[in-house]
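Architecture and fold: a report
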Amino acid sequence: MTQSVAIVGGGFSGVMVAIHLLQKATYPLAIYLIEHRPQFGEGIAYSTVSDQHLLNVPTGKMSAFSDQPNHFIHWLNTRYPEQLITSETFVPRRFYGEYLRSILQNAEQKAAVGVRLYRVQDEAIALEQTPDYLRITLNSGKQLTVNQSVLAIGNFPPANPSISNPSFYHSSRYIPWAWSESKLPLRSLTEPILLIGSGLTAIDMIVSLKEQDYQGKIYVVSRRGLFPQAHATVEPFPPFLTAKSAPITVRQLYHKVRLEIEKAAQKGYDWRAVIDSLRPETQSIWHHLSPQEKSRFLRHVQPYWDVCRHRVAPIIYQQIQDLFNQKQVIFHAGRILDYFENPDSVEVIIREKHNQKLLNLRVSLVVNCTGSGVNYQTLKHPLLVNLLKMGLIRSDQLNLGLEVAENGALIDQQGNISQQLYTLGSPCKGCRWETTAVREIREQAEHLATELLNQYFSSSAQFFIKTD
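Residues numbered from 1 in each chain as written. Predicted model: local features only at pLDDT ≥ 70, side-chain atom pairs only at ≥ 80, totals over all residues. Heavy atoms only, no water.

Tracing the sequence through the fold places Ser 277 in helix 6 (residues 271-277). In this structure the side chain of Ser 277 is engaged in a polar contact, spanning 2.7 Å, whose partner is the backbone oxygen of Val 274. (Helix = DSSP H or I, 4+ residues; strand = E, 2+ residues; numbered from the N terminus. Polar contact = N/O pair within 3.5 Å; in protein donor to acceptor, adjacent residues only side chain to side chain.)

Written out as structure tokens, the structure reads:
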């Protein structure tokens, strides 16, 4: 009988698991890649068609394969020979979607005899588990019966900010998720709008507005008034912290990193180099923190970590700074208290952070650009609702994602580690923290593909897995 795996989600995570399965399997294997979007390899991140939406990481760090660091650059130079692309270039994000589709097709063509990929343009909405198989129900009514499944489900829409009168969130003047529209439904190119949140999504929206020749005021409000920093070419900083040497409290850890940045500056190093030197150890350090300290990190440090760790292309950063200087983009640190909708506008009441004064803004449109929804107890996705109801998954202690074992297996509500259901990427955030970027996901995808194949290998001695 042919072994079968269903991968729910055709973005970067799902595509990379499929690629490694295609490359490594030497026994008959059916791989079902399920994605509701018309294009595989896009997800939310790479679905934009705007050439102004650039990757937030230079090409030299975006290879899909950790053992081939120049793979993406070589692909770009072959696909777009007319463009001068180096390891420090920030290219349009749509290029990366093309890249993923290309290497998926290549892996499919080179797969061993009997190893087949089936692209299923549909949406998984329910799952039934037995000791021997999983039955996945699709939105179309079709069902797939497989041995194992991977939830490569990526990110979800953000929650609405808590206010006293949430009825405004049903208004046509409110966009609950910046990426729910291919273009913002502007009523004019001059009326002011408000973006909630000042992270990478807000930057994308500002870039999109500028591309549409928008002339109105763009108000941005966030709780702490922080803004992502720009990338820069820096001299690598030597590692200075490991899980064993790291303090066990967030306060001590914070001061340790700040002190190292100050010492590094005296030696001519940029702060970015210090933050980057932590990257290989971040998951281990996170793992060694107690649940209480992790909660303290989320309350007090995460916003500052995010703006330093998740940076933007220098050209994009400069464009945003120019708009600040021209007073077209206006930044407020504070909390939204309420909205009052009029026939021709919305009045937004904000309590400013630094002086606690109330600020009234009158805008035409409000767009939610806050972070992705991570509390799986409240998400409305039908498959997640079903899995929770069936007891097959449970949220992690911090409600940042799902409870996941070291090998990527999901843990059910009884504490059992599944041998049929797995995940990677965003759902692992509570367990691994640093888990949503290409570097981490590409490694998880390769390890997970090997795990899936080894599960079958252990019960089928006649088959084997390639390791070269």
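Back to the text.
What follows covers the layout of surface pockets. Computed from the structure, the second largest pocket encloses a volume of approximately 540 Å³. Forming the boundary of the second largest pocket are 24 residues, of which Tyr 254, Val 257, Ile 275, Val 301 and Trp 305 lie nearest the centre. Across the lining of the second largest pocket, the residue classes break down as 21 nonpolar, 2 polar and 1 charged. (1 Å grid on protein atoms, 1.4 Å probe; cavity = no way out; pocket = protein on both sides within 12 Å on 5 of 7 lines; lining within 4 Å. Points joined across faces, edges and corners; volume = space filled by probe spheres on them. Nonpolar A, V, L, I, M, F, W, Y, C, P; charged D, E, K, R; others polar.)

What follows concerns the sheet that holds strand 10 (residues 218-222). The strands that make up a sheet pair up through hydrogen bonds in the backbone, lying either parallel or antiparallel. Ordered in space as 8-14-9-10-11-12-13, the 7 strands form an open sheet in which the pairing is mixed. At either end of the open sheet lies a strand with only one pairing partner, and these are strand 8 (174-175) and strand 13 (358-363). Helix 4 (residues 200-211) contacts strand 9 (193-196), strand 10 and strand 11 (329-341) of the sheet and is inclined by roughly 155° relative to strand 9. (Pairing = 2+ DSSP bridges. Contact = heavy atoms within 4.5 Å. Axes fitted to C-alpha atoms, helices over the stretch in contact; angles between N-to-C directions.)

Turning our eyes to something else, we now look at the pairing of strand 2 (residues 29-34). A large share of strand 2 lies buried, amounting to 6 of its 6 residues. The side-chain alternation of strand 2 yields two buried faces, one formed by Leu 29, Ile 31 and Leu 33 and the other by Ala 30, Tyr 32 and Ile 34. Here strand 1 (residues 3-8) runs beside strand 2; their pairing, made up of 6 bridges, is parallel. The partner of Ser 4 across the bridge, within strand 2, is Ala 30. Crossover handedness for the path strand 1 to helix 1 (residues 12-24) to strand 2: right-handed. Of the pairings in the sheet, the one linking strand 2 to strand 3 (residues 115-120) comprises 6 bridges and is parallel in character. When the bridges of strand 3 are listed, Tyr 32 appears paired with Tyr 118. (Buried < 20%, exposed > 50% of the residue type's maximum accessible area, 1.4 Å probe, protein only. Right-handed = clockwise from strand over helix to strand, strands pointing away.)

Among the secondary structure elements, Lys 294 is positioned in helix 8 (residues 291-309). As for Lys 294 and Gln 414, which are separated by 120 residues in sequence, their C-alpha atoms are 24 Å apart. Sequence-distant contacts of Lys 294, defined by excluding residues within four places in its chain, comprise Trp 286, His 287, Leu 289, Leu 398 and Gly 430.

This part takes up a positive patch on the surface. A contiguous patch of positive charge on the surface is contributed by Arg 223, Arg 224, Arg 335 and Lys 353. Note that Arg 223 resides in the loop between strand 10 and helix 5 (250-266). (Patch = residues over 30% accessible without salt bridge, like charges linked within 9 Å, V, L, I, M, F, W, Y side chains within 5 Å. Areas by Shrake-Rupley, 256 points an atom, 1.4 Å probe, with all protein chains shown as cover. Salt bridge = Lys/Arg side-chain N within 4 Å of Asp/Glu carboxyl O. Lys, Arg positive; Asp, Glu negative; His and termini not counted. Charge placed at Lys NZ, Arg CZ, Asp CG, Glu CD.)

Take the packing of helix 4 against helix 9 (residues 314-325) next. For the pair helix 4 and helix 9, the least separation of the axes is 11 Å and the interaxial angle reads 70°. Taken together, the axes of helix 4 and helix 9 are roughly perpendicular relative to one another. Packed against helix 4, whose contacting residues are Ile 203, Ile 206, Val 207 and Lys 210, the element helix 9 presents Ile 316, Gln 319, Ile 320 and Leu 323 at the interface. Split into classes, the residues belonging to the contact of helix 4 with helix 9 amount to 6 nonpolar, 1 polar and 1 charged. (Parallel < 35°, antiparallel > 145°, perpendicular 65-115°, else oblique.)

So, on to the sheet that holds strand 6 (residues 143-146). Spatially, the 3 strands line up as an open sheet ordered 4-5-6, and their pairing is antiparallel. Single-partner strands in this sheet number two, and they are strand 4 (124-129) and strand 6. In this sheet, adjacent strand axes meet at a mean angle of 20° when their direction is disregarded.

On to the pattern of salt bridges. Scanning the entire structure with this criterion turns up 17 salt bridges. Of the charged contacts, one joins Arg 119 and Glu 108 as a salt bridge, the two residues approaching to 2.9 Å between their closest N and O atoms. A residue pair is termed long-range when its members are at least 10 positions apart, and Arg 119 in strand 3 and Glu 108 in helix 3 (residues 93-110) qualify at 11 residues. Classification of Arg 119 as partly exposed rests on a relative accessible area of 39%. A residue is classified by how much of its surface remains accessible, and Glu 108, at 27% relative accessible area, is partly exposed. Here Arg 309 and Glu 434 are joined by a salt bridge, their closest N and O atoms 2.8 Å apart.

Quick look at the side chain of His 231 now. As for its placement among the helices and strands, His 231 is situated in the loop between strand 10 and helix 5. The exposure class of His 231 is buried, given its relative accessible area of 16%. At a separation of 2.5 Å, a polar atom in the side chain of His 231 contacts the main-chain carbonyl oxygen of Asn 56. If near-sequence neighbours (up to four positions away) are discounted, His 231 is found in contact with Asn 56, Val 57, Pro 58, Phe 90, Arg 272, Arg 311, Val 312, Ala 313 and Pro 314.

Further remarks concern the nonpolar core. The biggest cluster of nonpolar side chains holds 52 residues, and the ones touching the most others in it are Ile 7, Leu 21 and Tyr 96. Contributions of two or more residues to this core are made by strand 1, helix 1, strand 2, helix 2 (71-79), helix 3, strand 3, strand 15 (409-411) and helix 12 (438-457). Core analysis: the second largest hydrophobic core is formed by 30 residues, Leu 127, Leu 138, Leu 144 and Leu 402 among them. (Core = buried A, V, L, I, M, F, W, Y, C linked by side-chain atoms within 4.5 Å.)

Before going further, it helps to spend a moment on the packing of aromatic side chains. Counted under the stated rule, the structure contains 24 aromatic pairs. Ring geometry for Trp 286 against Trp 433: centres 4.9 Å apart, planes inclined by 25°, an arrangement best described as stacked. Here Trp 286 is found in helix 7 (residues 282-288), whereas its partner Trp 433 is found in the loop between helix 11 (429-432) and helix 12, with 147 residues between them in sequence. The residues Trp 286 and Trp 433 share a single accessibility class, namely buried. With 5.3 Å between their ring centres and 85° between their planes, Phe 297 and Trp 433 make a pair best called edge-to-face. Here Trp 433 lies in the loop between helix 11 and helix 12 and Phe 297 lies in helix 8, a separation of 136 residues in the sequence. Residue Phe 297 shares its accessibility class with Trp 433, and that shared class is buried. Among the aromatic residues, ring-to-ring pairing joins Phe 12, Tyr 46, Phe 72, Trp 75, Tyr 80, Phe 95, Tyr 96 and Tyr 99 into one connected group. We note Arg 79 situated over the ring of Tyr 80; from NZ or CZ to the ring centre the distance is 4.6 Å. (Phe/Tyr/Trp six-rings, centres within 6.5 Å; stacked < 30°, edge-to-face > 60°. Lys NZ or Arg CZ within 6 Å of the ring centre and 35° of its normal.)

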